[in-house]
Number of protein chains: 2
Amino acid sequence: MQWYVIGTVAALLTTFGFVPQVIKMLRTKSVRDISLLTFIQFSLGMSLWALYGLHLRDVIIISANGIGVLILVIAIGLYLYYRARHLKRHEGSIS
Amino acid sequence: MQWYVIGTVAALLTTFGFVPQVIKMLRTKSVRDISLLTFIQFSLGMSLWALYGLHLRDVIIISANGIGVLILVIAIGLYLYYRARHLKRHEGSIS
């Protein structure tokens with residue numbers, strides 16, 4: 001039972017690991033220092049983990065990584081949106 | 001065999017997921033937009049995963065998460081260093 005709790009807390013912490021970063025992006029509307037490659041690498045990795053979970057028919061692995069990928073899709077969308085907005089404004093200040 | 005490869009690639013992608021972010025920090029020496037809480041949350045999560053791996057006596061889970069935690073310790077160290085440096089410079093520009 002104790003190990004079940006440790007495994008569950010571990011899964012929850014990593015599944016929702018990018019939520020603070022998403023909140024920070026929404027708050028500051030700036031993504032200059034963030035690595036898009038880290039988002040993409042985790043998206044691919046968690047997608048493969050979910051696929052591996054399908055193979056194992058393990059609901060925990062599938063759902064934890066499925067939710068993780070969803071959060072990363074939001075993170076990548078926000079990253080691209082705020083970067084495009086920043087570039088547009090920067091362009092405007094030159095012309 | 002095919003599933004073994006998928007699981008291994010998944011583990012490698014997520015284990016080294018923060019490497020691009022560490023490289024970006026070293027290159028730009030700026031951490032303003034990065035969420036420290038995301039680093040901390042993943043450190044705790046991966047530490048618990050490694051502990052869970054010890055319980056399962058699973059070398060893959062222990063090593064993947066152990067390496068992940070090491071990378072995150074470096075990331076947190078760099079974050080605190082660059083933030084302190086930024087604050088010090090900012091302070092200097094006021095006085």
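Residues numbered from 1 in each chain as written. Chains lettered and ligands numbered in written order. Predicted model: local features only at pLDDT ≥ 70, side-chain atom pairs only at ≥ 80, totals over all residues. Heavy atoms only, no water.

**Student:** Explanation requested: the side chain of D33 of chain A in the structure shown.
**Tutor:** Structurally, the position occupied by D33 of chain A is in the loop between helix 2 (19–28) and helix 3 (36–56). Polar contacts involving the side chain of D33 of chain A include one to the main-chain amide nitrogen of D33 of chain B, which spans 3.2 Å. When neighbours within four sequence positions are excluded, D33 of chain A is seen to be in contact with Q21, K24, T28, S30, V31, R32, D33 and I34 of chain B. (Helix = DSSP H or I, 4+ residues; strand = E, 2+ residues; numbered from the N terminus. Polar contact = N/O pair within 3.5 Å; in protein donor to acceptor, adjacent residues only side chain to side chain. Contact = heavy atoms within 4.5 Å.)

**Student:** What is the right way to look at the interface of chain B and chain A in this model?
**Tutor:** The figure often quoted for interface size is the accessible area lost as the parts come together. In this complex, chain B contributes 34 residues to the contact, which on the side of chain A involves 34 residues. Across the chain B to chain A interface the summed buried area is about 3,300 Å²; carbon plus sulfur atoms make up 67%. At the junction of chain B and chain A, the tally comes to zero salt bridges. Where chain B packs against chain A, one counts 27 residue pairs in polar contact (both at pLDDT 80 or more). At the level of elements, helix 1 (2–15), helix 2 (19–28) and helix 3 (36–56) of chain B are the ones that each hand at least two residues to the side of chain B that touches chain A. Taken together, the residues of the side of chain B that touches chain A sort by class into 20 nonpolar, 11 polar and three charged. (Buried area = accessible area lost by both parts, 1.4 Å probe. Salt bridge = Lys/Arg side-chain N within 4 Å of Asp/Glu carboxyl O. Nonpolar A, V, L, I, M, F, W, Y, C, P; charged D, E, K, R; others polar.)

**Student:** Can you walk me through the relation of the copies chain B and chain A in this structure?
**Tutor:** Superposition of the two copies of the chain requires a rotation about an axis together with a shift along that axis. Least-squares fitting of chain B to chain A yields an RMSD of 0.0 Å, with the transformation described by 0.0 Å of translation along the axis and a rotation of 180°. Here the copies are linked by what is in effect a two-fold axis. Same-surface contact between copies: 100% of interface residues of chain B are shared with the interface of chain A. (Least-squares fit on C-alpha atoms with pLDDT ≥ 70 in both.)

**Student:** Explain the packing of helix 3 of chain A against helix 1 of chain B to me, please; I cannot follow it from the model alone.
**Tutor:** Working note: a packed helix pair is described by the angle between its axes plus the distance between those axes. Interhelical geometry of helix 3 of chain A versus helix 1 of chain B gives an angle of 145° and a closest axis separation of 8 Å. Between helix 3 of chain A and helix 1 of chain B lies a crossing whose hand is left-handed. Two secondary-structure elements touch here, helix 3 of chain A through Q41, F42, L44, G45, M46, L48, W49, L51, Y52 and H55 of chain A and helix 1 of chain B through W3, I6, G7, V9, A10, A11, L13 and T14 of chain B. When its residues are assigned to classes, the contact of helix 3 of chain A with helix 1 of chain B shows 13 nonpolar, five polar and no charged. (Axes fitted to C-alpha atoms, helices over the stretch in contact; angles between N-to-C directions. Left-handed = near helix turned anticlockwise from the far one by under 90°.)

**Student:** Teacher, can you tell me more about the pattern of salt bridges here?
**Tutor:** All names here are of chain A. If you walk through the whole model with that rule in mind, you get two salt bridges over all chains. Here D33 and R32 are joined by a salt bridge, their closest N and O atoms 3.5 Å apart. Overall, the relative accessible area of 1% leaves D33 in the buried class. (Buried < 20%, exposed > 50% of the residue type's maximum accessible area, 1.4 Å probe, protein only.)

**Student:** Teacher, can you tell me more about helix 3 of chain A here?
**Tutor:** Two residues of an α-helix separated by three or four positions point the same way, owing to the 3.6 residues in each turn. Between its terminal C-alpha atoms helix 3 of chain A stretches 30 Å, which fits the 30 Å expected from 21 residues at 1.5 Å a residue. Two residues or fewer past helix 3 of chain A, R57 of chain A is found with a positive phi of approximately 55°. (Expected span 1.5 Å × (residues − 1).)

**Student:** I tried to follow the nonpolar core on my own but got confused; where do I start?
**Tutor:** The nonpolar side chains of a soluble globular protein tend to be buried, and buried together. Counting residues in each nonpolar core, the largest one holds 34 residues, and the members touching the most others are F18, M25 and F39 of chain A together with F18, M25 and F39 of chain B. Within the residue set of this core, elements represented by two or more residues are helix 2, helix 3 and helix 4 (59–94) of chain A together with helix 2, helix 3 and helix 4 (59–94) of chain B. Ignoring sequence-local partners within four residues, the contact set of F18 of chain B consists of F18, T38 and F42 of chain A together with T38, F39, F42, I71 and L72 of chain B. (Core = buried A, V, L, I, M, F, W, Y, C linked by side-chain atoms within 4.5 Å.)

**Student:** Can you help me understand unusual backbone geometry in this one?
**Tutor:** Glycine aside, residues mostly have negative phi angles, and peptide bonds mostly take the trans form. All names here are of chain B. Despite not being glycine, K29 has its phi angle at roughly 55°, a positive value. Residue placement: K29 occurs in the loop between helix 2 and helix 3. In the Ramachandran plot, R57 falls in the positive-phi region, its phi being about 55° despite a non-glycine side chain. Here R57 lies in the loop between helix 3 and helix 4. Its relative accessible area of 75% is what places R57 among the exposed residues.

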